[in-house]
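# A closer look at the structure
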Amino acid sequence: MATAMDALDRIVEGNRIYAQKTAAKDPNAFLELSKGQAPEILWIGCADSRIPETTICHSRPGELFVHRNIANCVHADDMNAASVVEYAVAHLKVKRIVVCGHSKCGGAIASLGDADLGTTLNTWLHPARELRRRHKAELDALPDDDVRALRLAELNVHQSIDVLRQHPAVKKAVGDRGLTVHGLIYDIGAGQLRLLEDAAARGKGNGLWSPNRH
Amino acid sequence: MAEQQEVQKYLQQSHDKIFESNKKWAEEQKAKNPQFFDELQKGQSPDYLWIGCSDSRIPAEAITGLGPGEMFIHRNIANLVCNVDLNVMSVVNYAVRHLKVKHIVVCGHYGCGGVKAAMTPQDLGLLNPWLRNIRDVYRLHEKELDALEGEARYDRLVELNVVEQCRNIIKTAAVQQSYAENEFPIVHGWVFGFKDGLLKDLKVDHEAILKDIQKIYNLTN
Ligand SMILES: [Zn+2]
Ligand SMILES: [Zn+2]
């Protein structure tokens, strides 16, 4: 294990290499970036270190506007996420919002039970734990906690999407210019993204399949 | 069925790029190291927590050269850490108490749209409460900022905002208690510049800020 200062030196050095390489490939790269951003996608993902969105999507800087929190939750009363959504949708006019959950999510695993994680995390995970209670029969029928956590992660993505659809800027942009909202699951063990497509099975369309309907 | 087909076509076009790129990336990693994803599957133990701006031009891992599993990430508008914000507070809490990160980096950037918006005297609707935090940073440093002009004032507010957010993190019980016990995490304030793609260290003095705030905010018991 590296010492504390080494760890810091590492990212300072990593940044130096990034700056050099980027400029070597395209001397105008930073000049172009400095002019502004026009990302097409708002990415709402988990804070988990294993899912660096730009890396796993092979994207370039400037392509994904990013919000990451514990278990990629969008709660209706959360001003942090709501502000990100407002800025991305109303001001930057992104074309798509992606909510990405993942396998082995610590937040989903913790939400399978009611262990006391302290007031802050208990409150943050409360909606996910409620979701688990609402889907108890389905989750109980699954073979093990790994599968249960993955299913809860999926349900949680849908829940976040449902909340997103009520955001005033999202509502307006879906109607006015065909903004679409999508759910993804990232499989940590395979490194691959998968589109969530069981919206219809939930008895109502969430717009995932029909970009112009809302 | 017809709708289904149309939908498939739509999804194909809109998602091809992201999925194809992702697949390519996953294959590359496996070719380089067949155990890569098996290792990641076992869990995470990142050394760093990064609190940065949502701005698309500053992908934290890419600009620091870190790979999957190395940095826990929170990104919001203008990299703010507000004490009543459950979102960022649960990230800090989890990173410090459960993952035991060694470093917390608050990274702002010059040309930040959030900071710019906060410098604009205008009703921005839903964004008002969030931007209010940056306006408050301005008020705290009004004299210094008013003495500056245009870009210089804007750049300086970006820096002062980062320092203020570092202070906010140090004020948390999680950080104070962990630091008293383990001498980590250490909080750092950086600013990313588009001019050269480099991170500027604002030399935030963790120890000094801690001593300074503990007169009023000591939560170590
Ligand atoms: Zn997660
Ligand atoms: Zn910014």
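What counts and what doesn't
- Residues numbered from 1 in each chain as written.
- Chains lettered and ligands numbered in written order.
- Predicted model: local features only at pLDDT ≥ 70, side-chain atom pairs only at ≥ 80, totals over all residues.
- Heavy atoms only, no water.
- Helix = DSSP H or I, 4+ residues; strand = E, 2+ residues; numbered from the N terminus.
- Contact = heavy atoms within 4.5 Å.
- Areas by Shrake-Rupley, 256 points an atom, 1.4 Å probe, with all protein chains shown as cover.
- Domains from an automatic or database assignment.
- Phe/Tyr/Trp six-rings, centres within 6.5 Å; stacked < 30°, edge-to-face > 60°.
- Buried < 20%, exposed > 50% of the residue type's maximum accessible area, 1.4 Å probe, protein only.
- Lys NZ or Arg CZ within 6 Å of the ring centre and 35° of its normal.
- Buried area = accessible area lost by both parts, 1.4 Å probe.
- Salt bridge = Lys/Arg side-chain N within 4 Å of Asp/Glu carboxyl O.
- Polar contact = N/O pair within 3.5 Å; in protein donor to acceptor, adjacent residues only side chain to side chain.
- Nonpolar A, V, L, I, M, F, W, Y, C, P; charged D, E, K, R; others polar.
- Donors = N, O, S within 2.8 Å, 3.2 Å for Na, K, Ca; no water.
- UniProt positions renumbered as here; feature names shortened; annotations may be inferred.

## With respect to the overall build of chain A
Along its length, chain A carries nine helices and five strands. Listing each helix as α and each strand as β along chain A from the N terminus yields α-α-β-α-β-α-β-α-α-α-α-α-β-β. Taking contacts inside chain A between residues at least 6 apart in sequence as the whole, the part at least 24 apart equals 64%. Total accessible area on chain A stands at roughly 9,100 Å², and carbon and sulfur atoms take up 54% of it.

## Examining the domain arrangement of chain B
What the domain assignment reports for chain B is domain 1 (1–42) and domain 2 (44–217). Put simply, the middle of domain 1 of chain B and the middle of domain 2 of chain B, counted by C-alpha atoms, are 33 Å apart.

## Describing the domain arrangement of chain A
Quoted interface sizes are often the accessible area lost when the parts come together. Annotation of chain A at the domain level lists domain 1 (1–36) and domain 2 (40–213). Its C-alpha centre places domain 1 of chain A at a distance of 30 Å from the equivalent point of domain 2 of chain A.

## Considerations on the packing of aromatic side chains
Residues and elements named next belong to chain B. All chains considered together, the criterion is met by seven aromatic pairs over all chains. The interplanar angle of 85 degrees and the centroid separation of 5.5 Å between the aromatic rings of Phe192 and Phe194 together place this pair among those described as edge-to-face. On the accessibility criterion, Phe194 (6% relative accessible area) is buried. Taken together through their ring pairs, the aromatic side chains of Trp25, Phe36 and Phe37 make up a single cluster. Seen from the ring of Phe184, Lys102 lies directly overhead, with NZ or CZ sitting 4.6 Å from the centre.

## A short note on the interface of chain A and chain B
Of the residues lining the interface, 79 residues belong to chain A; the matching set on chain B comes to 76 residues. By the criterion of area lost to chain B, the three top residues of chain A are Ile11, Ser49 and Arg50 of chain A, representing 10% of everything that side buries. The tally of links from chain A across to chain B stands at three salt bridges. With its nearest N and O atoms 2.8 Å apart, the salt bridge here joins Arg10 of chain A to Glu70 of chain B. For the pair chain A and chain B, the interface holds 26 residue pairs in polar contact (both at pLDDT 80 or more). When residues of the side of chain A that touches chain B are traced back to their parent elements, those giving at least two are helix H1 (4–25), helix H2 (29–34), helix H3 (53–56), strand S2 (64–69), helix H4 (79–91), helix H6 (119–134), strand S4 (180–187) and strand S5 (192–195) of chain A. When the residues that make up the side of chain A that touches chain B are grouped by side-chain class, the tally is 40 nonpolar, 25 polar and 14 charged.

## Focus: the coordination of the zinc ion (ligand 2)
All names here are of chain B. At this site the zinc ion (ligand 2) is bound by Cys53 (SG), His109 (NE2) and Cys112 (SG), with donor distances of 2.0 to 2.3 Å. The motif formed by the donor residues of the zinc ion (ligand 2), counted along the single chain, is C-x55-H-x2-C. Overall, the relative accessible area of 2% leaves Cys112 in the buried class.

## Comments concerning the UniProt feature "binding site: Zn(2+)" (unreviewed entry) in chain B
Under the UniProt annotation, "binding site: Zn(2+)" (unreviewed entry) lies at Cys53, Asp55, His109 and Cys112 of chain B. These annotated residues cover 60 residues of sequence, and their C-alpha atoms all fall within 9.0 Å of one another, placing them together at a single site. With respect to the element layout, Asp55 of chain B can be found in the loop between strand S1 (48–53) and helix H3 (60–64). Taking relative accessible area as the criterion, Asp55 of chain B reaches 1% and is therefore assigned buried. Each residue touching Asp55 of chain B, except ones within four places of it in the same chain, is listed here: Gln37 and Phe65 of chain A together with Arg75 and His109 of chain B. Within the element layout of this structure, Cys112 of chain B appears in the loop between strand S3 (103–109) and helix H5 (113–118).

## Here we look at the coordination of the zinc ion (ligand 1)
Residue and element names in this part refer to chain A. Those protein atoms acting as donors to the zinc ion (ligand 1) are Cys46 (SG), His102 (NE2) and Cys105 (SG), and they sit at 2.0 to 2.3 Å. Along the chain, the residues donating to the zinc ion (ligand 1) fall in the pattern C-x55-H-x2-C. By the burial criterion, His102 is buried, and Cys105 matches it.

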